[in-house]
Each structure stands twice: as structure tokens, then as C-alpha cells.
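Summary of structural features
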Amino acid sequence: SSAFAQVERDHLKPVGGIYDIYDFQFEYYSKVRKLLFEGLTDSPEIRFQVMPSFTPENVLDIEFDMDSSKYFVVYHICEKMIWYNENWKKIKVKAYRSEIDKVSVEIIKELFEAAISGTRFPQKGMSGFDGTNYYFSINKYGLWSGTVWSPPKGSRMRRLVNIGNKLIELVQSNNSLITLDKDLKQEINRLIVALKK
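Here is what the cut-offs are and how they apply
- Residues numbered from 1 in each chain as written.
- Predicted model: local features only at pLDDT ≥ 70, side-chain atom pairs only at ≥ 80, totals over all residues.
- Heavy atoms only, no water.
- Helix = DSSP H or I, 4+ residues; strand = E, 2+ residues; numbered from the N terminus.
- Rg over C-alpha atoms; globule rule 2.2 N^0.38 Å.
- Buried < 20%, exposed > 50% of the residue type's maximum accessible area, 1.4 Å probe, protein only.
- Contact = heavy atoms within 4.5 Å.
- Areas by Shrake-Rupley, 256 points an atom, 1.4 Å probe, with all protein chains shown as cover.
- Lys, Arg positive; Asp, Glu negative; His and termini not counted.
- Charge placed at Lys NZ, Arg CZ, Asp CG, Glu CD.
- Patch = residues over 30% accessible without salt bridge, like charges linked within 9 Å, V, L, I, M, F, W, Y side chains within 5 Å.
- Salt bridge = Lys/Arg side-chain N within 4 Å of Asp/Glu carboxyl O.
- Pairing = 2+ DSSP bridges.
- Axes fitted to C-alpha atoms, helices over the stretch in contact; angles between N-to-C directions.
- Phe/Tyr/Trp six-rings, centres within 6.5 Å; stacked < 30°, edge-to-face > 60°.

**A look at the overall build of the protein**
A tally of regular secondary structure across the protein gives five helices and seven strands. Listing the helices and strands of the protein from first to last along the sequence gives α-β-α-β-β-β-β-α-β-β-α-α. Expected size for 197 residues packed as a compact globule is a radius of gyration near 16 Å; at 17 Å, the protein falls within 12% of this value. With respect to the three principal axes, the spread of C-alpha positions in the protein is 45 × 45 × 30 Å. The buried share among the 197 residues of the protein stands at 45%. Pairs at least 24 residues apart make up 61% of the contacts formed inside the protein by residues separated by at least 6 positions. For the protein, the exposed area adds up to about 11,500 Å²; of that, 50% sits on carbon and sulfur atoms. Once the 28 positive and 25 negative side-chain charges of the protein are each reduced to a mean point, those two points are 4 Å apart.

Here you go:
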């Protein structure tokens, strides 16, 4: 239905807890958490996690370092997929880390909060196997999260995913201070306005 399609295009869905998922999912997610999240804080300012069907799992965090009073983008990507990998414990994780300015963190967090605040349950179930699950989290008295599966091109959720991917590109190509440029800030602000409608 068109209402269902609209929810899928323009809203995140709630993330299921351990009691809401299948056993195989619990085992898989536990492996991902153990391997991919090693060295990451339990309380990131924001988190963007990518769980593809055919390429390695990866996660981007923005963390606040209390010792230096600075923010850092931390990106972890597995060199091989954890999914269906019997030797998953031997998989290496490549890590990137760059400082990011506070103003950039604030606008990214505002975007993620706008998306997560609009999280809705879909009216109908949706089956999909090959594709990518994206998870968005912010730290607001604990982690608040929402997820979307392979959103269609042009949708609000695809725009959100594209911004997450741009953050990954920035940390992969930048060893110094990350500052969002004018175009990316405008893109984020436009999406914030759209998500709050």
C-alpha cells in the first residue's frame, strides 16, 4: 500500500531487542558486536552501523574524549564478512580515527535525532534478503536507535544513508581535523527540515 511505502521511504523502524529476533540473528549480532565493536565506547554520541549482505560489516562512531575535551570519528570495517564465516574470530578489523569539530558533531547529532524521533512501526511486514540494513543511534540518556533496510533512491532514508556514507568517506580520507563543508551542512539542514515535517 502507499501508506506502507511512505513509512519505508521516509521513516526509520524500531530496532528489535534480543527477545524479538531469531536465534540465528542473536548469534550473528553477538559475533558482530564482539569483533567489530572491540575498542569502541558503549556510549558514542552517534553511531552509524552498516550490515550488508555481500560486503563486510562496518560501523562509524563519534565519541567524546573527556581527557582532551575533543570529539573523534572512529570507523571500523571488517576485512572479511562475519556472516556465515566459520573463522570469524580470525577476521581482522581495519580502524580509522580522526578528530571532528564540535559544530559538525552537533549538526550530525541533530540529523540523527530528527530521524530517530520519527521512528515508526510499518503497517505491514516486509521481506527482504539481499540488501543492506542500516542502523542509526544517538546517545540521549542511553542509546536511541532506528533502522532501515535498503531504502529506495530519492527517499528521505536514502538521503540519510548517503550522509552516513559521506561521513565514512571523510574519516577514511582524512587524518587531520574533520569539518563538514558548506554543501554537506546545507544538505544535512535540508534533510533535518524534511524529517521534522
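**Here's the deal with unusual backbone geometry**
Within the chain, tyrosine 84 stands out as a residue other than glycine whose phi angle is a positive 55°. Examined against the element boundaries, tyrosine 84 turns out to sit in the loop between β4 (70-78) and β5 (93-100). Residue classification places tyrosine 84 among the exposed positions, given a relative accessible area of 75%. Phi at serine 150 takes a positive value of approximately 35°, unusual for a residue other than glycine.

**As for a nonpolar patch on the surface**
Judged by side-chain polarity, Ile18, Tyr19 and Phe26 come together as a nonpolar surface patch covering roughly 400 Å² of accessible area. Mapping tyrosine 19 onto the fold places it in the loop between β1 (13-14) and α2 (23-36).

**Points about the sheet that holds β1**
The sheet built from seven strands is open, its strands ordered β1-β7-β6-β2-β3-β4-β5 with antiparallel pairing. The two strands at the open ends of the sheet, each matched to only one other strand, are β1 and β5. Packing of helix α3 (residues 102-117) onto the sheet brings it into contact with β2 (46-52), β3 (58-65), β4, β5, β6 (132-139) and β7 (143-149), and relative to β6 it is tilted by some 115°.

**A look at the packing of aromatic side chains**
Per the counting criterion, the structure on display carries ten aromatic pairs. With a centroid separation of 4.7 Å and an interplanar angle of 70°, the aromatic rings of tyrosine 28 and tryptophan 83 are classed as edge-to-face. Taken as a pair, tyrosine 28 in helix α2 and tryptophan 83 in the loop between β4 and β5 lie far apart in primary sequence, 55 residues in all. On the basis of relative accessibility, which here comes to 11%, the residue tyrosine 28 falls in the buried class. Owing to a relative accessible area of 30%, tryptophan 83 belongs among the partly exposed residues under this scheme. With 5.2 Å between their ring centres and 75° between their planes, phenylalanine 112 and phenylalanine 136 make a pair best called edge-to-face.

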